[in-house]
Amino acid sequence: MESLKLGSLEVWPPVVLAPMAGITNAPFRTLCREQGGGLFVCEMITTRALVERNAKTLKMIRFDPGEKPRSIQLYGVDPVTVGRAVRMIAEEGLADHVDLNFGCPVPKVTRRGGGSALPYKRNLLRAILREAVRNAGTLPVTMKMRKGIDDDHLTYLDAGRIAVEEGVSAIALHGRTAVQHYGGTADWEAIARLKEAVTEIPVLGNGDIWSADDALRMMRETGCDGVVVGRGCLGRPWLFADLAAACDGGDERARPALGEVAATMNRHATLLAECFGSEPHAVADFRKHVGWYLKGFVVGADLRRRLATSDTLADLREGLAELDAAQPWPEGVDAPRGKTHPRDRVHLPAGWLDDPYDLAVPCADAELDTSGG
């Protein structure tokens, strides 16, 4: 197994934390980075909000002093605005790597022509990639995408070839279409087909990696150069310790008892409070993580509810102290986490599917006012 080479950057192990809205902020990235190496990407940033120096967006791209390499994912639909955002990152030294989002399947993004809807417009995709690479200077530019809109509108092979031609440093493919959302099973064969078609740059695989052994199996079966891990690490930052061990050829796997999990939960909430500068905001934000951290453990319904509705760090810590610290890691939790239901359809702009080579840029409101997804 080789290091992941992104331009001048060399990443070991070849593992990437997928950007997830409301999840991969600096505190969560810290917890993951402490477990093992890799590339840890911040939440999705909107290019328009960045170039307009939106206050919320600028706060989201703060990195800890020891966080290297610093990685930003951008969402944009206008080649000019994307180019300006990438140039700003390069000239102001805001990050060491730029990833472009062409994989987001949520309706508020696709109905405006962004995310996983955009690669259908081949020439628009090309224009965006060209402007990003042209303005990046020495920074590597990568892209993350899905197979396509649905099985009748697959785009990943065309998008992969366009990415190579425009100088993109690597491609990550989530083996689902937009209409699948996170339902069903990821198509690892599509990752293998992309790797066969694109030999000039690294291809990363994403989808249904719930354990380090899943990651090894994906790389073995598809030939991909590395993996992107998203929902599998929800409530489980130590998955990155497993991934580092697996890539080094070891069979050690982290299996923390409930007491260690509780200590991590406490630290996570504390780091959020330090990052946000507001304890109520931090504790409210942490609530969504409670169920993920406790998945599979035997915890009474009342205590779970109290932990998930805490208003202060003191309340949270009081509840955590009541957990059975000696309870061992449960079996069978290397399984899907987060929402898994497919969509009935993909929301698209009117006439979006009429011409796959139309270069018309979506309207101005296609970019969200603020970042984070």
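Use the structure listed above.
Calculation criteria
- Within every chain, residues take consecutive numbers counted from 1 along the sequence as written.
- For a predicted model such as this one, the threshold for reporting local features is a pLDDT of at least 70, and the threshold for listing and counting side-chain atom pairs is 80 or more; totals across whole chains, interfaces and linings nevertheless cover every residue.
- Side-chain metrics rest on all non-hydrogen atoms present in the structure, leaving aside hydrogens and water.
- Segments assigned H or I by DSSP are reported as helices when at least four residues long, segments assigned E as strands when at least two residues long, and all are numbered from the N terminus.
- We call two residues in contact when some of their heavy atoms are within 4.5 Å.
- With a 1.4 Å probe rolled over the protein chains alone, any residue whose accessible area is under 20% of its type maximum counts as buried; one over 50% counts as exposed, and the rest are partly exposed.
- Pairing between strands is defined by DSSP: at least two bridges between the two strands are required.
- Think of it this way: a Phe, Tyr or Trp ring, Trp meaning its six-membered ring, pairs with another when their centres are within 6.5 Å, and the plane angle makes it stacked under 30 degrees, edge-to-face over 60, tilted otherwise.

**Thoughts on the environment of Arg33**
- Structurally, Arg33 is set in helix H1 (residues 26–33).
- Considering only alpha carbons, one finds Arg33 and Glu67, 34 residues apart in sequence, at a separation of 8.3 Å.
- With residues near it in sequence (within four places) discarded, Arg33 still touches Phe40, Asp64, Gly66 and Glu67.

**Topic: the pairing of strand S7 (residues 141–146)**
- Among the six residues in S7, six count as buried, and that is most of the element.
- Of the two faces of S7, the one carrying Val141, Met143 and Met145 and the one carrying Thr142, Lys144 and Arg146 are both buried.
- For strand S6 (residues 97–102) and S7, the ladder comprises five bridges, and the chain directions are parallel. Each residue of the ladder has a partner; that of Phe102, found in S7, is Met145.
- Taken together, the five bridges between S7 and strand S8 (residues 170–174) define a ladder with parallel strand orientation. Across the sheet, Met145 pairs through a bridge with Leu173, a residue of S8.

**Quick look at the environment of Gly103**
- Among the secondary structure elements, Gly103 is positioned in the loop between S6 and helix H5 (107–110).
- C-alpha of Gly103 to C-alpha of Met143: the two residues are 40 residues apart in sequence and 8.8 Å apart in space.
- Ignoring sequence-local partners within four residues, the contact set of Gly103 consists of Gly115, Ser116, Lys144, Met145 and Arg146.

**Quick word on the packing of aromatic side chains**
- All told, the structure shown has five aromatic pairs when counted by the stated rule.
- Between Trp238 and Tyr293, the ring centres sit 6.3 Å apart and the planes meet at 50°, which makes this aromatic pair tilted. Note that Trp238 is positioned in the loop between strand S10 (226–229) and helix H10 (239–247) and Tyr293 in helix H12 (residues 279–293), a separation of 55 residues in sequence.
- For Trp238, a relative accessible area of 4% gives the class buried.
- Exposure remark for Tyr293: the relative accessible area of 1% places this residue in the buried category.
- An angle of 85° between the planes, with centres 6.1 Å apart, marks the rings of Trp238 and Trp329 as edge-to-face. Here Trp329 lies in the segment after helix H14 (313–320) and Trp238 lies in the loop between S10 and H10, a separation of 91 residues in the sequence.

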